Amino acid sequence: MKNKLKGILITSTGAAMWGLNAVAGKFVMGTKGVDPVWMVTLRLICAGLILLSVAVFKSKGKGAFDIWKDKKSVIRLLIVAIFAFAICQTSYFASIDLSNAGIATAMQQTSPIFVLIWLLFYERRAPKKVEVIVLIIVIFGAFTLATGGSIDSLAMPLPALILALISSVTCAMYTILPAKLIEKYGTFYAVGWGMLLAGIFLVPVAKLWIVSGTWDMGTILGFSFVVICGTVIAFGAFLYGITLVGPLVGSVLGLIEPVVAAFASAIVMKQVFTIADIVGIVAILAGVTILSVYNAK
């Protein structure tokens, strides 16, 4: 029972850190004027180096470069770096920059639906009744967030909506693509190399050598939170927590992320959420929860 409670607290902490990460990113981009792509590039490089350092320390340096010795693994790593990290992270933070952390994070939570669609295509079968219900609920939630409940207008800026959908699709790829690499080389090596490689790819796009935004103590603290708390600690805590509570409880507790992001946005960034926003967020979380429970069974 103690391990279960410990797992719940640790997993919840990881998910909450991810939610606060979105708000810290919004502060760095919105208040301090740091370009989203520039911030994501530096974040990926820093987080990748930290994760690799942790992996080297844990394994005493064993297997640090094994992933580069297998051609198939290298190809998969390149795909993961580009789609699961570079595109996913830049579209996510750019969407936050153009809208707000709560809504952008909630939209990204629709990613399990794209995983479900991929599975239906892969298994060549029609969706089951529960899956159809989930699809309807999540689509309704996304529609409500995007339009504010009105067919005639978009409550969310169109560029932000497009970026959020790209983020959701590539987040689904993040769920599917790295699995074999993680199984073969371990989580920290696979993800660490993926993040570092993604950051390196983005350097010429972001023009990292040209400092973006205003850098003062507030910017440094905000960015440090994004890298250390919102990436390394959140990632490590969530994965460790899942080993104690199991994937079902872990996936449900992961839904704390958009809730924390929404509350923190309202308190820290003074973001205003409408009734339609709340209905949309609740619908998406409800649909993803049903899908998680159904998949576990």
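Scroll up for the structure.
Source: prediction; values computed, not measured.

## Brief notes about the packing of helix 9 (residues 187-206) against helix 10 (residues 217-245)
Phase 1: Two elements in contact, helix 9 and helix 10, have axes separated by 12 Å at closest approach and are oriented at 150 degrees. Here helix 10 runs roughly antiparallel to helix 9, going by the angle between their axes. Remark: the crossing between helix 9 and helix 10 carries right-handed chirality. Of the residues in helix 10, those touching helix 9 at T187, F188, V191 and M195 are T231, F235, G236 and L239.
Phase 2: Across the contact of helix 9 with helix 10, the residue classes tally to 5 nonpolar, 3 polar and no charged.

## Let's talk about a nonpolar patch on the surface
Phase 1: On the surface, I75, L78, I79, I82, F83 and F201 cluster together to form a nonpolar patch covering roughly 460 Å² of accessible area.
Phase 2: In terms of residue count, helix 3 (residues 71-98) provides more of the nonpolar patch than any other element does, 5 residues in total.
Phase 3: Mapped onto the secondary structure, L78 falls in helix 3.

## Re unusual backbone geometry
Most peptide bonds take the trans form, and the phi angle of most residues other than glycine is negative.
Phase 1: Its identity is not glycine, yet R124 carries a phi of approximately 50 degrees, on the positive side.
Phase 2: Tracing the chain through its elements places R124 in the loop between helix 5 (111-123) and helix 6 (129-147).
Phase 3: Positive phi, close to 55 degrees, is recorded for K207, a residue that is not glycine.
Phase 4: Within the fold, K207 resides in the loop between helix 9 and helix 10.

## Section: the environment of P36
Phase 1: Tracing the backbone through its elements, the reader meets P36 in helix 2 (residues 36-59).
Phase 2: Through-space distance from the C-alpha of P36 to that of F93 is 5.9 Å; in sequence the pair is 57 residues apart.
Phase 3: Beyond its immediate sequence surroundings of up to four residues, P36 is in contact with M29, F93, A94 and D97.

## Observations regarding the side chain of E131
Phase 1: Note on placement: E131 falls in helix 6.
Phase 2: Ignoring anything within four residues of it in the chain, the contact list for E131 reads L116, L120, R125 and Y294.

## Considering the nonpolar core
Phase 1: The biggest cluster of nonpolar side chains holds 46 residues, and the ones touching the most others in it are F85 and I96.
Phase 2: Looking at this core, the elements that each hand over two or more residues are helix 1 (2-31), helix 2, helix 3, helix 4 (101-108), helix 8 (179-185), helix 9 and helix 10.
Phase 3: At 10 residues, helix 9 tops the list of elements feeding residues into this core.
Phase 4: Counting 17 residues, the second-largest nonpolar core is a separate cluster that includes M156, A164, I281 and L285.

## Quick look at the packing of aromatic side chains
How two aromatic rings sit relative to each other is set out by the distance from centre to centre and by the angle between their planes.
Phase 1: Considering all chains together, one arrives at 6 aromatic pairs under this definition.
Phase 2: Measuring from ring centre to ring centre gives 5.5 Å for W68 and W193, while their planes differ by 85 degrees; the resulting arrangement is edge-to-face. In this pair, W68 sits in the loop between helix 2 and helix 3 while W193 sits in helix 9, placing the two residues 125 residues apart along the sequence.
Phase 3: Given a relative accessible area of 34%, W68 falls into the partly exposed group.
Phase 4: Judged by relative accessible area, W193 falls into the buried class, the value being 14%.
Phase 5: Both rings, one in Y92 and one in F93, keep their centres 5.2 Å apart while their planes meet at 65 degrees; by these two values the pair is edge-to-face.
Phase 6: Classification of Y92 as buried rests on a relative accessible area of 4%.
Phase 7: We classify F93 as buried; its relative accessible area is 0%.

## A look at the environment of L285
Phase 1: Relative to the helices and strands, L285 is located in helix 13 (residues 275-296).
Phase 2: As for L285 and L255, which are separated by 30 residues in sequence, their C-alpha atoms are 6.6 Å apart.
Phase 3: With residues up to four places along the chain from it excluded, the contact list for L285 reads Q109, L255, P258 and V259.

## Digging into the pattern of salt bridges
Phase 1: Within the structure shown, the criterion is met by 5 salt bridges.
Phase 2: When the shortest N-O distance is used, the salt bridge between K32 and D216 registers 2.8 Å. Taken together, the positions of K32 in the loop between helix 1 and helix 2 and D216 in the loop between helix 9 and helix 10 put the pair 184 residues apart, joining distant regions of the chain.
Phase 3: Residue class for K32 comes out buried when judged on its relative accessible area of 16%.
Phase 4: On the basis of relative accessibility, which here comes to 29%, the residue D216 falls in the partly exposed class.
Phase 5: For K69, the salt bridge is made with D66, and the minimal N-O distance between the two is 3.4 Å.
Phase 6: Look at K69 and you get exposed, because its relative accessible area is 68%.

Criteria and cut-off values
Residues numbered from 1 in each chain as written. Predicted model: local features only at pLDDT ≥ 70, side-chain atom pairs only at ≥ 80, totals over all residues. Heavy atoms only, no water. Axes fitted to C-alpha atoms, helices over the stretch in contact; angles between N-to-C directions. Helix = DSSP H or I, 4+ residues; strand = E, 2+ residues; numbered from the N terminus. Parallel < 35°, antiparallel > 145°, perpendicular 65-115°, else oblique. Left-handed = near helix turned anticlockwise from the far one by under 90°. Contact = heavy atoms within 4.5 Å. Nonpolar A, V, L, I, M, F, W, Y, C, P; charged D, E, K, R; others polar. Patch = residues over 30% accessible without salt bridge, like charges linked within 9 Å, V, L, I, M, F, W, Y side chains within 5 Å. Areas by Shrake-Rupley, 256 points an atom, 1.4 Å probe, with all protein chains shown as cover. Salt bridge = Lys/Arg side-chain N within 4 Å of Asp/Glu carboxyl O. Core = buried A, V, L, I, M, F, W, Y, C linked by side-chain atoms within 4.5 Å. Buried < 20%, exposed > 50% of the residue type's maximum accessible area, 1.4 Å probe, protein only. Phe/Tyr/Trp six-rings, centres within 6.5 Å; stacked < 30°, edge-to-face > 60°.

It is worth stressing that arrangement in space is one thing and function is another; only the former is reported here.
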